[in-house]
Structure formats: C-alpha cells, structure tokens
Amino acid sequence: MADLNGDGHDDMISGSYWPGDVSVFCGQGGGRFAAGEFLKDPEGNNANAGPPWASPRKPEMDSLAAAPWLVDWDGDGDLDLLVGNIAGRVVLLANEGDAKTPKFVRKGPISAGPTVLDVDHNDAGPTTADWDGDGRWDLIVGGGAGTVMFFRNTGTAQAPQFAAGVELVKGRGHGSATGEPTGPSSRVKPHVCDWNGDGALDLLVGDFCSRTGPEPMLTDKQRAQKDRLQGEMQKVSQELGKLYEKCDNEPDQLTGDDKKQYEAVRARLTAISNDLRPLEPERISGGNVWVYLQKRAVDAAAPKGGK
C-alpha cells in the first residue's frame, strides 16, 4: 500500500504469474478501490520486469510470478518498482514519469555483493524496511524454499547498494511434505512490522504449503490398477513431451494430424489423472502466515530472527 498517484489515498499493486504485468488499484478513500489497471512504460506498454518475449509461448523468466514492491529507489520523490520473479531475482523498474503520473522503465536485475541478487529456489518476494536502524532502507526478500534473506543497504539515498544476503528465517525446503508444517514452506512473501509493539521490527511471512495426506487403503486389485495407470501416465507424458519438442513448445502452431494427436494426448492425460486421484494420497494445498519476533541483537548489522 502506497500513494502511487499522489492523490492522498493509498493504492494497491498486484503482480501476475503470466505474463507478469503489474496492476494498480487506485484508492478512493473509505476503504474503496477503483478497478485494476496496468502500470505502463513511457511508450504505453504494460510495465513488466522481463525483456520482450520471443513469442507468447516463450516467456522471459524475469517476467513470471511478478511480486511487486514500491519504494523511492533513487530518492527523487516518486515511487519506483522492485519486482521479484520466478527466477529468484529482483528487477528494478525506475519511475521516469513523476509522483502523479508514473511511467516505469526496466533497468534490470539488481545486485547484492559482487553478484546479481538470486534467492534460493527462485520465486523472489521483496519488501523494504530499515531493518538495521541505520537510516537507510534495506531489502528483505523471501524465496521459493521458504527462506527469508536480509540484504543490507550500504549505499546512499540516491544510489542504494546491497551487501551479500544474511539469512533471517530458514525455510523447510522446496516441495511437498507430510504432516502439519513447522515453518515456512515455499514461495514466501515477507512483510515487516512491529508486531508486538516493543519497538523492534518483526516479520510476517506468508507462504504456499503443499503436503501429502495418508496413503489410502487399497485392495490388491486397486494397487494393480494404480501401478498400471502410473505406467501409462509416464508413457503418455513422454509422448506429450515429444510433441512439444516438435512444435518448439508452441502447441498453438500445430495443425492437421499433429494437432489431433496433441489434443488426444492431453485428453488421455486428464483421464488418467482423474482415474489415479482416488488411488493416491490426497494433496493438500494452502497457505500460512508465520510471525517471527526480532530478538534485539548486539550487532545491529545482522539482527536475528526468532519465532
């Protein structure tokens, strides 16, 4: 939430998975927001963290799973965009309009230490706050494996620079698990606030959690059916992969017998999946918000996170 257009009302921004364009919902006061509209670059194109795509079926990884955050990057009084993406990078889109009519220009992924910032297991989710209390905003970035990293701002108000990352929260690791979660799972998005009012900054960490339920009780006949279907699934998936290779990952370009074969293979995969579902453990998906209270650290440059 920030006042992007300078009208005195907080606005909301939202990214998208595909194609990664960023939308704004302009605040109207009283808790109301206008319908979403795409943020633009100076040429009128939708603002996007990736360069132009080779085709609609060949995305740039810097575009996908856009997680936007507004901050005055260069201290000029207007808000710029930081966009986390599926590749694990954070891309700067500088506002080359003004405080009331923003126009965003892609400047590319930002660096931390000697290399481009790249969070573990991809899916970067950035936010900013003066985490170490030195008067400069820092980067706090979540990643695909549930880890939250702190990147200290060692630059100036007009030219931020970032040190190598320090782990604040260790995630459980990317992928599904069994049982109730004991910590952030994947695709985490952090938010900084003083949760308990003690004057120290704390973390709220939202995640995506996928876990596997117990194995269903199957008869011998059902187990045999499950094995058969899983074998079919593997063969049909390989057939689909060959079709994707044939069309260079653009199935919309298929014609004639190839198109009919592609549609038949997709339909077969759907049918197999439906038949397998009652024979396999339930896949349970959802999300959690984890609270981490900051312990006051002797070394303010590397504060510790604690649940």
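This one's a predicted model, so the numbers in the text were calculated from it and none came from an experiment. (Residues numbered from 1 in each chain as written. Predicted model: local features only at pLDDT ≥ 70, side-chain atom pairs only at ≥ 80, totals over all residues. Heavy atoms only, no water.)

(A) Looking closely at the sheet that holds strand 15 (residues 166-169). Strand order in the open sheet made by the four strands is 12-13-14-15, with antiparallel pairing throughout. The sheet is open, and its two edges are formed by strand 12 (125-129) and strand 15, each paired on a single side. Direction aside, the axes of adjacent strands within the sheet are offset by 30 degrees on average. Pairing of strand 13 (residues 138-142) with strand 14 (residues 148-151) involves four bridges; the strand directions are antiparallel. When the sheet's bridge partners are listed, L139 is paired in strand 14 with F151. (Pairing = 2+ DSSP bridges. Helix = DSSP H or I, 4+ residues; strand = E, 2+ residues; numbered from the N terminus. Axes fitted to C-alpha atoms, helices over the stretch in contact; angles between N-to-C directions.)

(B) Quick peek at the packing of aromatic side chains. This structure, assessed with the given rule, holds five aromatic pairs. Ring centres of W137 and F162 lie 5.7 Å apart, and the angle between their planes is 50 degrees; this geometry places the pair in the tilted category. Of this pair, W137 sits in the loop between strand 12 and strand 13 while F162 sits in the loop between strand 14 and strand 15, and the two are 25 residues apart along the sequence. F162 carries the same exposure label as W137, and that label is buried. Ring plane angle 85 degrees and centroid distance 5.9 Å describe the contact between Y244 and Y262, whose orientation is recorded as edge-to-face. Of this pair, Y244 sits in helix 1 (residues 220-246) while Y262 sits in helix 2 (residues 256-276), and the two are 18 residues apart along the sequence. Overall, Y244 belongs to the partly exposed group, its relative accessible area being 23%. The ring of F208 carries R187 above its face, with NZ or CZ at 4.4 Å from the centroid. (Phe/Tyr/Trp six-rings, centres within 6.5 Å; stacked < 30°, edge-to-face > 60°. Buried < 20%, exposed > 50% of the residue type's maximum accessible area, 1.4 Å probe, protein only. Lys NZ or Arg CZ within 6 Å of the ring centre and 35° of its normal.)

(C) The arrangement of the packing of helix 1 against helix 2 in detail. At a closest axis distance of 9 Å, the pairing of helix 1 and helix 2 adopts a crossing angle of 150 degrees. With respect to helix 2, the element helix 1 is oriented roughly antiparallel. With respect to the hand of their crossing, helix 1 and helix 2 are arranged in left-handed fashion. Between helix 1, through K226, L229, Q230, E232, M233, V236, S237, E239, L240, L243, Y244 and K246, and helix 2, the contact on the second element is made entirely by D258, Q261, Y262, V265, R266, R268, L269, I272, S273, D275 and L276. Looking at the contact of helix 1 with helix 2, its residues break down into eleven nonpolar, four polar and eight charged. (Parallel < 35°, antiparallel > 145°, perpendicular 65-115°, else oblique. Left-handed = near helix turned anticlockwise from the far one by under 90°. Contact = heavy atoms within 4.5 Å. Nonpolar A, V, L, I, M, F, W, Y, C, P; charged D, E, K, R; others polar.)

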